[in-house]
Amino acid sequence: MLQYRLPVLAVRNVEISKKFYHDLFDQTIALDLGRNVTFSGGFAIQEDFDQLVDIPKCTVLHQSNNMELYFEVDDFDAFLEKLHDFLDVELVHPPKMHEWHQRVVRLYDPDWHMVEVGESMEVVARRLLREGYDVLQTAQIIQHPVEFVEQCRKGME
């Protein structure tokens, strides 16, 4: 049976990328095979990807902007404070709020893969409920099922 496992990012220096994902995103290493490292978050990094798949190095794109790793965090403001300590990180855009009221920031990792960090949707739903929106209004605003918002409401009790 065919089973999907995880995405693998091509990186130039596995040690730099290991440190980046550990220090900024609190990723622990599930498996370290030297040039290939799998993180607890369900993705891996691979140094010398071109050699592994037998393609010309020049065809491994740098800053393709056609995919992103997506993380959620409960305390978005604390993450932004932590991000300020990483002076060499380039942002794709500054923190912003989407129409569904989720605050997000996108940045580039050391190999120019895009990474998004968004406020968890549970936190967004609870914030709107605390602001006085009912379950149906909140579901419409955040574009999530009513059942999801109801679970978030129950978690507030």
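For every chain, the first residue of the written sequence is number 1, and numbering continues from 1 along that sequence. Since the coordinates come from a predicted model, pLDDT governs what is reported: local features require at least 70, and pairs of side-chain atoms require 80 or more to be given and counted, while whole-chain, interface and lining totals use all residues. Side-chain measures here rest on the full set of heavy atoms in the structure, leaving out hydrogens and waters.

Some remarks on helix α3 (residues 76–84)
Rule in force here: Each residue's exposure class comes from its accessible area (1.4 Å probe, protein chains only) as a fraction of the maximum for that residue type: buried when under 20%, exposed when over 50%, partly exposed otherwise. Strands here are runs of E lasting at least two residues and helices are runs of H or I lasting at least four, both read from the DSSP assignment and numbered beginning at the N terminus. The arc in question is formed by the directions pointing from the helix axis toward the C-beta atoms. Working rule for contacts: check all heavy atoms of both residues, and any pair within 4.5 Å makes them a contact.
Among the residues of α3, Phe76, Phe79, Leu80 and Leu83 are the ones counted as buried. Angular distribution of buried residues about the axis of α3 spans 100°; they occupy a single face of the element. Opposite its buried face, α3 presents the exposed residues Glu81 and His84, each directed more than 90 degrees away. Taken together, the buried residues of α3 touch α1 (14–25), β5 (68–73), β6 (91–97), β7 (103–108) and β8 (114–119).

Concerning the packing of aromatic side chains
The following threshold applies: Note on aromatic contacts: the rings of Phe and Tyr and the six-membered ring of Trp form a pair at centre separations within 6.5 Å, being stacked when their planes are under 30 degrees apart, edge-to-face when over 60 apart, and tilted otherwise.
Under the counting rule described, the total for this entry stands at 10 aromatic pairs. An aromatic cluster is present here, built from Phe20, Tyr21, Phe25, Phe39, Phe43, Phe71 and Phe79 joined pairwise through their rings.

A closer look at the packing of helix α4 (residues 121–130) against helix α5 (residues 135–142)
Operational definition: For helices, the axis comes from a line fit to the C-alpha atoms of the stretch in contact; other axes are also lines fit to C-alpha atoms, and the angle between any two N-to-C directions lies between 0 and 180 degrees. Roughly parallel means an angle under 35 degrees; roughly antiparallel means over 145; roughly perpendicular covers 65 to 115; every other angle is labelled oblique. The sense of a crossing depends on the near helix, which, turned anticlockwise from the far helix by less than a right angle, makes the crossing left-handed and, turned clockwise, makes it right-handed. Each residue is assigned to one of three groups, with Ala, Val, Leu, Ile, Met, Phe, Trp, Tyr, Cys and Pro labelled nonpolar, Asp, Glu, Lys and Arg labelled charged, and all others, Gly among them, labelled polar.
The N-to-C vectors of α4 and α5 enclose an angle of 135°; their axes lie 10 Å apart at closest approach. Taken together, α4 and α5 sit at an angle that is classed as oblique. α4 and α5 meet at a crossing whose hand is right-handed. Where α4 approaches α5, its residues Met121, Val124, Ala125, Leu128 and Leu129 are matched on the opposing element by Val135, Thr138, Ile141 and Ile142. Looking at the contact of α4 with α5 residue by residue, the classes come out as 8 nonpolar, 1 polar and no charged.

Digging into the pattern of salt bridges
Threshold: Any Lys or Arg side-chain nitrogen located within 4 Å of an Asp or Glu carboxyl oxygen qualifies as a salt bridge.
For the structure shown, the criterion picks out 13 salt bridges. Asp48 is the salt-bridge partner of Arg35, the closest N and O atoms lying 3.0 Å from each other. On the criterion of sequence distance, the pair formed by Arg35 in the loop between β2 (29–32) and β3 (36–39) and Asp48 in the loop between β4 (44–47) and α2 (49–53) is long-range, its members being 13 residues apart. Arg35 sits in the partly exposed class, given a relative accessible area of 43%. Close ionic contact of Glu68 with Arg106 constitutes a salt bridge, the shortest N to O distance being 2.9 Å. You can see Glu68 sitting in strand β5 and its partner Arg106 sitting in strand β7, a full 38 residues away along the chain. On the accessibility criterion, Glu68 (27% relative accessible area) is partly exposed. Using a relative accessible area of 14% as the deciding quantity, one classes Arg106 as buried. Salt bridges sharing common partners tie together Asp77, Arg103, Glu119 and Arg127.

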